[in-house]
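As a plain string of letters, each chain reads:
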Amino acid sequence: MIKAVIFDQDGVIIDSEKINLASALFSFEQLGIKIDDQDKKTIIGIHPTDYKNIMLAKYDFDFDRYVQIKRDYYSQALISAPLFTKTVNIIRQLKQKNIPLGMVTSSKRVTNQEILKRAGLDKVFKAIICFEDCEQRKPAPDCYLSCASKLNVLPYECLAIEDSQPGLTAAKGAGMTCFVIPNQTTQNQDFSRADKVIDYDTELDIELFE
């Protein structure tokens, strides 16, 4: 029986995955590097710290400079990034039904707080796991296991809502049920392990959570 629902942030609540990828592409270009399709798969849904060693093993560049350029680009673009309003409304409805809600994100806490405040969800989640809270982040299961613990439920009693393959891998690795809502940036990833793949425009509805 599902007792709690845990949401990802980027690509689920706010349309920021394409900004994340665009900021990475721009930053590498500024450093004279043209990344390939495999590199893009490495980047999507992952914090720069967690793909640092992979990219440094392949390319010679100043990682600190890369992060600075990327952060500036991302911060400016995020201001105008649209919210996924259907997801936001479902979260509010679940809250009204007194269903314990959690969030697991690879974003840092300050960014998470800004996004939740903008969405009007800053007082909705009982447990939030951000970048700073786990040494091993997605696709490792640690972040989801930590969130379940803070919600006082067992992992198999949780439904995770994700948009990317790394997030799906993390949730399933934790032993959770996982629904995936692909977006334009993640739609071609492998979601074969998902318990359900939901089309945002035609299928996403509160009934799926009941």
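Overview of the structure. Predicted, not measured: the structure shown is a model, and the values here were computed from it. (Residues numbered from 1 in each chain as written. Predicted model: local features only at pLDDT ≥ 70, side-chain atom pairs only at ≥ 80, totals over all residues. Heavy atoms only, no water.)

## A short note on the nonpolar core
Phe7, Ile13, Leu121, Phe125, Ile161 and Phe209 are the most contacted members of the largest nonpolar core, which totals 25 residues. The set of elements that each furnish at least two residues to this core consists of β1 (4–7), α5 (85–96), β2 (101–104), α6 (109–119) and β4 (158–162). Examining the composition of this core, we find that four residues originate from one element, α5, more than from any other. Every residue in contact with Leu121, bar those within four places of it in the chain, is listed here: Ile13, Val88, Ile91, Arg92 and Leu116. If you look at the next biggest cluster of nonpolar residues, it comprises 23 residues, including Ala127, Cys143, Cys158 and Leu168. (Core = buried A, V, L, I, M, F, W, Y, C linked by side-chain atoms within 4.5 Å. Buried < 20%, exposed > 50% of the residue type's maximum accessible area, 1.4 Å probe, protein only. Helix = DSSP H or I, 4+ residues; strand = E, 2+ residues; numbered from the N terminus. Contact = heavy atoms within 4.5 Å.)

## Considerations on the layout of surface pockets
In this structure, the largest pocket spans a volume of roughly 760 Å³. Around the largest pocket, the lining comprises 31 residues; the ones closest to its centre are His47, Tyr74, Ser107, Lys108 and Thr111. Contributions of two or more residues to the lining of the largest pocket are made by α1 (17–30), α3 (48–58), α4 (63–78) and α6. Considering every element that reaches the lining of the largest pocket, the biggest residue donor is α4, with seven residues. When grouped by side-chain class, the residues that make up the lining of the largest pocket number 10 nonpolar, 10 polar and 11 charged. (1 Å grid on protein atoms, 1.4 Å probe; cavity = no way out; pocket = protein on both sides within 12 Å on 5 of 7 lines; lining within 4 Å. Points joined across faces, edges and corners; volume = space filled by probe spheres on them. Nonpolar A, V, L, I, M, F, W, Y, C, P; charged D, E, K, R; others polar.)

## A short note on α6
Of all the residues in α6, the buried ones are Thr111, Asn112, Ile115, Leu116 and Ala119. Angularly, the buried residues of α6 cover 125° about the axis, an arc narrow enough to put them on a single face. Seen from the open side of α6, the exposed residues pointing more than 90 degrees away from its buried face are Val110 and Lys117. Each element contacted by the buried residues of α6 is listed here: α4, α5, β2 and β3 (127–129). Downstream of α6 by one or two residues, Gly120 has phi in the positive range, about 75°. (Arc of directions from axis to C-beta.)

## Side note on the packing of α1 against α4
The description of two packed helices rests on the angle between their axes and on the distance between the axes. At a minimum axis distance of 8 Å, the contact between α1 and α4 shows a crossing angle of 140°. The angle between the axes of α1 and α4 places the two elements in the oblique class. For the crossing formed where α1 meets α4, the hand is right-handed. Where α1 approaches α4, its residues Ile19, Asn20, Ala22, Ser23, Ala24, Phe26, Ser27, Phe28 and Gln30 are matched on the opposing element by Tyr66, Ile69, Lys70, Tyr73, Tyr74, Ala77 and Leu78. For the contact of α1 with α4, the class distribution of residues is 11 nonpolar, four polar and one charged. (Axes fitted to C-alpha atoms, helices over the stretch in contact; angles between N-to-C directions. Parallel < 35°, antiparallel > 145°, perpendicular 65-115°, else oblique. Left-handed = near helix turned anticlockwise from the far one by under 90°.)

## Regarding the packing of aromatic side chains
Summed over all chains, the structure comprises 11 aromatic pairs. For the pair Phe61 and Phe63, a centre-to-centre distance of 6.4 Å together with 55° between the ring planes defines the contact as tilted. Each member of the pair, Phe61 as well as Phe63, carries the same accessibility label: buried. Taken together, a centroid distance of 6.0 Å and an interplanar angle of 35° make the contact between Phe63 and Tyr66 tilted. Placement of the pair is Phe63 and Tyr66 together in helix α4, with a separation of three residues, close to one helical turn. Exposure class is identical for Phe63 and Tyr66. Each is buried. Above the face of the Tyr200 ring, Lys86 is positioned so that its terminal group lies 5.3 Å from the ring centre. (Phe/Tyr/Trp six-rings, centres within 6.5 Å; stacked < 30°, edge-to-face > 60°. Lys NZ or Arg CZ within 6 Å of the ring centre and 35° of its normal.)

## Details of the pairing of β1
Burial along β1 is two-sided: Ala4 and Ile6 and Val5 and Phe7, pointing in opposite directions, are all buried. Note that β1 and β4 share four bridges and pair parallel. Within the sheet, the bridge partner assigned to Val5 lies in β4 and is Leu159. (Pairing = 2+ DSSP bridges.)

## Notes on the pattern of salt bridges
Side chains that differ in sign of charge can pair as their charged atoms come close. On inspection of all chains with the given rule, the structure shows 11 salt bridges. For Glu157, the salt bridge identified is with Lys3, shortest N-O distance 3.1 Å. Of this pair, Glu157 sits in the loop between α7 (142–151) and β4 while Lys3 sits in the segment before β1, and the two are 154 residues apart along the sequence. With a closest N to O distance of 2.7 Å, Glu162 and Lys138 form a salt bridge. Within this pair, whereas Glu162 is found in strand β4, its partner Lys138 is found in the loop between β3 and α7, the two being separated by 24 residues in sequence. Residues participating in the shared-partner salt-bridge network are Asp8, Lys138 and Glu162. (Salt bridge = Lys/Arg side-chain N within 4 Å of Asp/Glu carboxyl O.)

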